[in-house]
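Letter by letter, the chains look like this.
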Number of protein chains: 2
Amino acid sequence: MAGSAQRTRHATIFDVAKLAGVSHQTVSRVLNGHPNVREATREKVREAVAQLRYRPNLAARAMVNRRSRNLGLLTTGSPDYGPSSTVSGFTRAARTAKYSVTISTAVDAEPASLQASLDLLLGQQVEAVVLVLSRMEILRGLQGVEFETPVVAVEPSGLSPWPSISIDHYGGARLATDHLIELGHREILHLAGPSNSMDATERSRGWRDTMSEHGLVAHPPVTGDWSPSSGYLGGRELLCRHPGATAVFSANDQMAVGCLHALRESGRSVPEDVSVVGFDDVPEAEHLEPPLTTMRQDFFQLGEDIMELVLATLSDAPAAPPVRHVPELIVRASTRRR
Amino acid sequence: MAGSAQRTRHATIFDVAKLAGVSHQTVSRVLNGHPNVREATREKVREAVAQLRYRPNLAARAMVNRRSRNLGLLTTGSPDYGPSSTVSGFTRAARTAKYSVTISTAVDAEPASLQASLDLLLGQQVEAVVLVLSRMEILRGLQGVEFETPVVAVEPSGLSPWPSISIDHYGGARLATDHLIELGHREILHLAGPSNSMDATERSRGWRDTMSEHGLVAHPPVTGDWSPSSGYLGGRELLCRHPGATAVFSANDQMAVGCLHALRESGRSVPEDVSVVGFDDVPEAEHLEPPLTTMRQDFFQLGEDIMELVLATLSDAPAAPPVRHVPELIVRASTRRR
DNA sequence: CGGCTATGTGTTAGCGCTAACATCAGCCGG
DNA sequence: CCGGCTGATGTTAGCGCTAACACATAGCCG
């Protein structure tokens, strides 16, 4: 195994050329799979490449053809299940497409800070930037920021000025609410995600629309910040305001965990007294007390959808209307017919 | 706001030079903060830079001074709390140090696949590679892979041939076990992480050593894969094997969730019959039934520690013996004196 | 058999930048 | 008042690579 900090000068295309006894341009042709190179020559070059452990310098290559095969990703770096799964789904899809991904985390939503994060990406000559717009302020902070690069947003509303893609949070919320209505619930409360989150807004909208379409009253939701603690606090307030409610739709599983805590504390049992539906299907969901009914999202699919949109944008293809995949309802023990 | 896919040719240093009425080299000097430039000239250049929205091409800069200000990160891309928090802690620390981070996910532990992931990073001219060695196979798969780049490993054993850093999993596990022993428990079971995980191995070692130092029998642990489901299965098996045990130390919180499920199912209550300690302090821990006693890790600190080690390695500094920070015991309701 | 294309290969220029050297003022002391 | 110094600038070369062109050689047609 190689030592640690050795920084030997890499072999260049000229070293390879000399060893193979050809010109550097012929080496370049072999590297880039051009035709019009004799098979024998091709073989000689490949041998020299292997022998010298030659690896093309992508910075040099990028300078010439203005393609870095590098994509930028701007995120808030929150360890929440949704955003972090989105990131790993996308990096995987990018790797499959032979792109590397440079990540930049926005420490806050200040324009200056966002600008700095973006500068870091743009400086790395990314071909496109993927914005994971988990919070509305990020979008606002990005107003006035100039992009010299194609941009793709991961965001459900379509409000951003860029081509966007995301999970169909609205549709997922509708399915969740439908499930509760079908079970006979009428007073269905909503524990919403932060109002600055577009995902949360879509989920709330899905709940509200479904309620009103069934002629049910949608009590004003309580807003959390995705965290279990906020779900606990929000759950308590919701119960205090509407003691007769029989169901809660939580905008994510983490808040649902907190909500279950609050319900337990108030002496209510789930699902006998109150049914609860979450959103995300975190791995824990199955093992909570009680196992949580929730909406499962396919993040690998999302990652591939993002990549597809990036590729379409890069090739200036007429962006096909994005397919926003709908989460799947996973029924467990936290919901019951009333 | 800028349009989406416009790909205007960027201004170069020559454009700035012409506008400011100086030579490109003077622009370069201003950009790099060299002395020996008149303040008036400096100002002219800065104005031209602003006016043209000029942004230096880091690829070109990297070619000349062989510094890309870009670091590579190789990870498995698992959405587990530990690894993903490590990644976000590190990207944050890197940003603070004005480095960008290019992420590559290893799809599997095959040498060929690892090699491909690394090639992607090395191709991006990273100055150093950070390996998040969550699994032993990755280390094995990396045998024989050549690095032309300084490498830093995030790994607790020190078994890898590179400078390494990590949380002190061993110490954390000792604290967790000590806590249970102090509460009077004698038969303390261990729900271990996957045997291919070095973090898991360290945590198990900490538990075993502490047990034996107190003259207690360390029953062979059951091994999970970090997931709640494996914790559930493992918990069941552990209970079946040792029905009289009064405490369980789970190698992470997620498995502890599954273990709580198994305990509940077997009719045992926590902490009355059995005490449980987890590891990680995931945000949910506080709101589980019962709230979980666990070991909290500081991932931002870890991110900074990694960055420090990277910087030391890059500057060929005599690597100071790494400080491995010890997790903090957070006592909640899942443990009780017996 | 001169001129044609097709095929393989080499040569040159230039991507945007910085290091190193060159230049040219202005200033000082002898 | 000249050699040498200092500070501010310009000029040149070259990082590693690919596109574009140049140039051989071979094969084929009229």
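For every chain, the first residue of the written sequence is number 1, and numbering continues from 1 along that sequence. Key to labels: chains lettered from A, ligands numbered from 1, both in the order written. Per-residue local features of the predicted model are confined to residues with pLDDT of at least 70, and side-chain atom pairs are confined, for both listing and counting, to 80 or more; whole-chain, interface and lining totals are unaffected and use all residues. Heavy atoms throughout the structure, all of them, feed into the side-chain values; hydrogens and water do not.

**Student:** How should I be thinking about the overall build of chain A in this particular structure?
**Tutor:** Runs of H or I in DSSP of at least four residues are treated as helices and runs of E of at least two as strands, each being numbered from the N terminus. Broken down by element type, chain A carries 12 helices and 11 strands. Overall, the C-alpha framework of chain A stretches about 85 × 45 × 40 Å when taken along its three principal axes. Out of the 338 residues in chain A, the part that is buried amounts to 58%. Contacts are assigned to residue pairs with any non-hydrogen atoms lying within 4.5 Å of each other. Here the analysis covers contacts within chain A between residues at least 6 apart in sequence; of these, 72% occur between residues at least 24 apart. The Shrake-Rupley method, run with a 1.4 Å probe sphere, supplies the accessible areas, and residue values consider only the shown protein chains as cover. Of the roughly 13,800 Å² that chain A leaves accessible, carbon and sulfur atoms contribute 52%. Positive charge is attributed to Lys and Arg, negative charge to Asp and Glu, and no charge count is given to His or to the chain ends. A charge is said to be at NZ when it belongs to Lys, at CZ for Arg, at CG for Asp and at CD for Glu. Distance between charge centres in chain A, computed from 34 positive and 38 negative side chains, equals 9 Å. Accessibility here uses a 1.4 Å probe with only protein chains present; expressed as a share of the type maximum, an area under 20% marks a residue as buried, one over 50% as exposed, and anything in between as partly exposed.

**Student:** Whenever I open this one, the protein's contact with DNA strand D confuses me. Can you help?
**Tutor:** For this description, a residue counts as near a given molecule or strand if any of its non-hydrogen atoms is within 4 Å of it. As a matter of local geometry, DNA strand D sits amid 28 residues, with I13, S28 and Y54 of chain A together with S23 and T41 of chain B nearest to it. Among the atoms of DNA strand D lying within 4 Å of the protein, the sugar-phosphate backbone contributes 57%. In this structure, a phosphate oxygen belonging to DNA strand D sits 2.6 Å away from a main-chain N or O atom of S23 of chain B. Take T41 of chain B: an N or O atom from its side chain is 2.7 Å from a phosphate oxygen of DNA strand D. Mapped onto the surface near DNA strand D, the elements with two or more residues apiece are α1 (13–20), α2 (24–31) and α4 (58–65) of chain A together with α2 (24–31) and α4 (58–65) of chain B. Class assignment for the residues of the surface near DNA strand D results in 10 nonpolar, 13 polar and five charged. We call two N or O atoms a polar contact when they sit within 3.5 Å, provided that within protein one can donate a hydrogen and the other can accept it, with sequence-adjacent residues counted only if both atoms are side-chain atoms. Three classes are used: nonpolar for Ala, Val, Leu, Ile, Met, Phe, Trp, Tyr, Cys and Pro, charged for Asp, Glu, Lys and Arg, and polar for all others, with Gly counted as polar.

**Student:** Would you take a moment to explain unusual backbone geometry for this structure?
**Tutor:** A negative phi angle is the norm for most residues apart from glycine, just as the trans form is the norm for most peptide bonds. Residues and elements named next belong to chain A. Cis peptide bonds are those with omega within 30 degrees of zero, and the linkage from V270 to P271 qualifies with 5 degrees. Relative to the helices and strands, P271 is located in the loop between α11 (253–265) and β9 (275–277). Backbone geometry places D280, a non-glycine residue, at a positive phi of 130 degrees. Within the element layout of this structure, D280 appears in the loop between β9 and β10 (294–296). Using a relative accessible area of 6% as the deciding quantity, one classes D280 as buried.

**Student:** Please explain the pairing of strand β2 (residues 100–105) of chain B as it appears in this structure.
**Tutor:** Each regular strand shows side chains that alternate between the opposite faces of the sheet. For β2 of chain B, the buried fraction is high: six of the six residues fall into the buried class. Here β2 of chain B shows no split at all, with S100, T102 and S104 of chain B on one side and V101, I103 and T105 of chain B on the other all buried. Summarising the sheet, strand β2 (residues 100–105) of chain A and β2 of chain B pair through three bridges and their orientation is antiparallel. Bridge pairing in β2 of chain B links I103 of chain A to V101 of chain B. Bridge count for strand β1 (residues 70–75) of chain B against β2 of chain B is six bridges, and the pairing is parallel. In the sheet register, T75 of chain B faces β2 of chain B, and the bridge partner there is T105 of chain B. With helix α5 (residues 81–96) of chain B bridging β1 of chain B and its parallel neighbour β2 of chain B, the resulting β-α-β unit is right-handed. Between any two strands, pairing holds if DSSP finds at least two bridges. Seen with the strands pointing away from the viewer, any crossover whose path from the first strand over the helix to the second strand runs clockwise is right-handed.

**Student:** Teacher, can you tell me more about the side chain of D253 of chain B here?
**Tutor:** Within the secondary structure layout, D253 of chain B lies in helix α11 (residues 253–265). Residue contacts for D253 of chain B: discarding those within four places in its chain leaves G278, F279, D280, D281, V282, A285, L292 and T294 of chain B.

**Student:** Explain the domain arrangement of chain A to me, please; I cannot follow it from the model alone.
**Tutor:** By convention, interface size is frequently given as the accessible area that disappears when the constituent parts associate. Where each domain begins and ends is defined by an automated method or by a domain database. Looking at chain A, the domain boundaries give domain 1 (13–56), domain 2 (70–167 + 300–314) and domain 3 (169–297). The centre of domain 1 of chain A, based on its C-alpha atoms, is set 62 Å off from the matching centre of domain 3 of chain A.

**Student:** Explain the pairing of strand β6 (residues 188–192) of chain A to me, please; I cannot follow it from the model alone.
**Tutor:** Residue and element names in this part refer to chain A. With five of five residues buried, β6 lies mostly within the body of the structure. Burial along β6 is two-sided: I188, H190 and A192 facing one way and L189 and L191 facing the other are all buried. Summarising the sheet, β6 and strand β7 (residues 222–223) pair through two bridges and their orientation is parallel. Bridge assignment links A192 to a residue of β7, and that residue is T223. With helix α9 (residues 198–213) bridging β6 and its parallel neighbour β7, the resulting β-α-β unit is right-handed.

**Student:** Hey, could you run me through the protein's contact with DNA strand C in this one?
**Tutor:** As a structural note, the neighbourhood of DNA strand C is formed by 27 residues, with S23 and R66 of chain A together with I13, S28 and Y54 of chain B the closest of them. For DNA strand C, the backbone portion of the atoms within 4 Å of the protein, that is sugar and phosphate, comes to 58%. T26 of chain A is positioned such that a nitrogen or oxygen atom in its side chain is 2.9 Å from a phosphate oxygen of DNA strand C. Backbone polar atom of I13 of chain B to a phosphate oxygen of DNA strand C: 2.3 Å apart, as the coordinates give it. Elements represented by at least two residues in the surface near DNA strand C include exactly α2 and α4 of chain A together with α1 (13–20), α2 and α4 of chain B. Among the elements that take part in the surface near DNA strand C, α2 of chain A stands out by supplying four residues, more than any other.

**Student:** How do you make sense of the sheet that holds strand β8 (residues 247–250) of chain B when you look at a structure like this?
**Tutor:** The strands making up a sheet associate through backbone hydrogen bonding, with each pair oriented either parallel or antiparallel. All names here are of chain B. The strand order across the open sheet formed by four strands is β7-β6-β8-β9, and the pairing between neighbours is parallel. Both outer strands of the open sheet, β7 (222–223) and β9 (275–277), are each paired with one neighbouring strand and no more. Fitting a line to C-alpha atoms yields each axis, with helices limited to the stretch in contact; the angle taken between N-to-C directions then spans 0 to 180 degrees. Along the sheet, helix α8 (residues 169–182) makes contact with β6 (188–192), β8 and β9, crossing β8 at roughly 170 degrees.

**Student:** How do you make sense of the interface of chain B and chain A when you look at a structure like this?
**Tutor:** Listed by partner, the interface residues are 77 residues for chain B and 77 residues for chain A. The working definition used for a salt bridge is a side-chain nitrogen of Lys or Arg within 4 Å of a carboxyl oxygen of Asp or Glu. Our count for the chain B to chain A interface comes out at two salt bridges. Between E289 of chain B and R264 of chain A there is a salt bridge, with the nearest N and O atoms lying 3.3 Å from each other. Summed over the shared surface of chain B and chain A, the number is 23 residue pairs in polar contact (both at pLDDT 80 or more). Those elements that place two or more of their residues in the side of chain B that touches chain A are α4, α5, β2, α6 (111–123), α10 (228–241), α11 and α12 (299–314) of chain B. The residue makeup of the side of chain B that touches chain A, split by class, is 31 nonpolar, 29 polar and 17 charged.

**Student:** Would you take a moment to explain the relation of the copies chain B and chain A for this structure?
**Tutor:** Between the two copies of this chain, the relationship is a rotation about some axis together with a displacement along it. Expressed as a screw operation, the relation of chain B to chain A combines 0.1 Å of axial shift with a rotation of 180 degrees, fitting to an RMSD of 0.1 Å. Both chain copies can therefore be described as sitting about a two-fold axis. Residues of chain B ranked by C-alpha distance from the rotation axis are headed by T102 of chain B, positioned 2.0 Å from it. Least squares is used to superpose the copies, and the fit set is the C-alpha atoms of residues whose pLDDT is at least 70 in both copies.

**Student:** What exactly am I supposed to notice about the packing of aromatic side chains here?
**Tutor:** Two aromatic rings are characterised by how far apart their centres lie and by the angle between their planes. A pair of aromatic rings is counted whenever rings of Phe, Tyr or Trp (Trp by its six-membered ring) have centres within 6.5 Å, and the orientation is called stacked for planes under 30 degrees apart, edge-to-face for over 60 and tilted otherwise. Evaluated as defined, the whole model comprises four aromatic pairs over all chains. Between F249 of chain A and F279 of chain A, the ring centres sit 6.4 Å apart and the planes meet at 45 degrees, which makes this aromatic pair tilted. Here F249 of chain A, found in strand β8 (residues 247–250), pairs with F279 of chain A, found in the loop between β9 and β10; they are 30 residues apart in sequence, far enough to count as distant. For F249 of chain A, a relative accessible area of 0% corresponds to the buried category. Between Y81 of chain B and F299 of chain B the ring centres are 5.8 Å apart and the planes differ by 80 degrees, which places this aromatic pair in the edge-to-face class. Within this pair, whereas Y81 of chain B is found in helix α5, its partner F299 of chain B is found in helix α12, the two being separated by 218 residues in sequence. A relative accessible area of 9% means that F299 of chain B is categorised as buried. The positively charged end of R69 of chain A is found above the aromatic ring belonging to Y99 of chain A, 4.3 Å away from the centroid. By definition, being over a ring means that NZ of Lys or CZ of Arg is both within 6 Å of the ring centre and within 35 degrees of the ring normal.

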